[in-house]
Amino acid sequence: MRLIVLFNLKPGVSVDAYESWARTVDLPTVNGLASVERFEVFRTTGQLGSAAAPPYAYIETIDVADMGRFGEEIATKAMIAIAAAFQEMADVTFLTTEQIVA
């Protein structure tokens, strides 16, 4: 399963502070979970064919190999602290997906 995470930084949160935290804390920790195949963070740069600003500044993709184990791993103290820090920095929408064509 792939989780898609769409978000904007909350007012007062600097891009540099968030991106530094993402590089040094979030990415290595989440990529270190046994249940996660791959975790990536993207900064949006525009909307194809439009001059309008994108509705979200960032997108994360989390490829989860085992949702049961993922649930256990994100319930640890370390992951709860990371999730709390993330929630303080960003207004977030989490989407679950399933692939329809391989």
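Thresholds applied
Residues numbered from 1 in each chain as written. Predicted model: local features only at pLDDT ≥ 70, side-chain atom pairs only at ≥ 80, totals over all residues. Heavy atoms only, no water. Salt bridge = Lys/Arg side-chain N within 4 Å of Asp/Glu carboxyl O. Helix = DSSP H or I, 4+ residues; strand = E, 2+ residues; numbered from the N terminus. Buried < 20%, exposed > 50% of the residue type's maximum accessible area, 1.4 Å probe, protein only. Core = buried A, V, L, I, M, F, W, Y, C linked by side-chain atoms within 4.5 Å. Contact = heavy atoms within 4.5 Å.

Some details on the pattern of salt bridges
Phase 1: One pass over the structure, following the stated rule, counts five salt bridges.
Phase 2: Arg23 is the partner of Glu19 in a salt bridge, and the nearest nitrogen-oxygen pair spans 3.6 Å. Here Glu19 and its partner Arg23 are both found in helix α1 (residues 15-31), four residues apart, which amounts to about one turn of the helix.
Phase 3: By relative accessible area, Glu19 is classed as buried at 10%.
Phase 4: With a relative accessible area of 54%, Arg23 lands in the exposed category.
Phase 5: Through salt bridges with shared partners, one network takes in Glu19, Arg23 and Arg43.

Quick notes on the nonpolar core
Phase 1: Ranked by size, the top nonpolar core spans 20 residues in total, and within it Phe7, Tyr18, Trp21, Val36, Ile62, Phe70 and Phe86 carry the most contacts.
Phase 2: Within the residue set of this core, elements represented by two or more residues are β1 (2-9), α1, β2 (36-43), β3 (58-64) and α3 (77-89).
Phase 3: Val36 has contacts with Val30, Asn31, Ile62, Asp63 and Phe70, leaving out every residue within four places of it along the chain.

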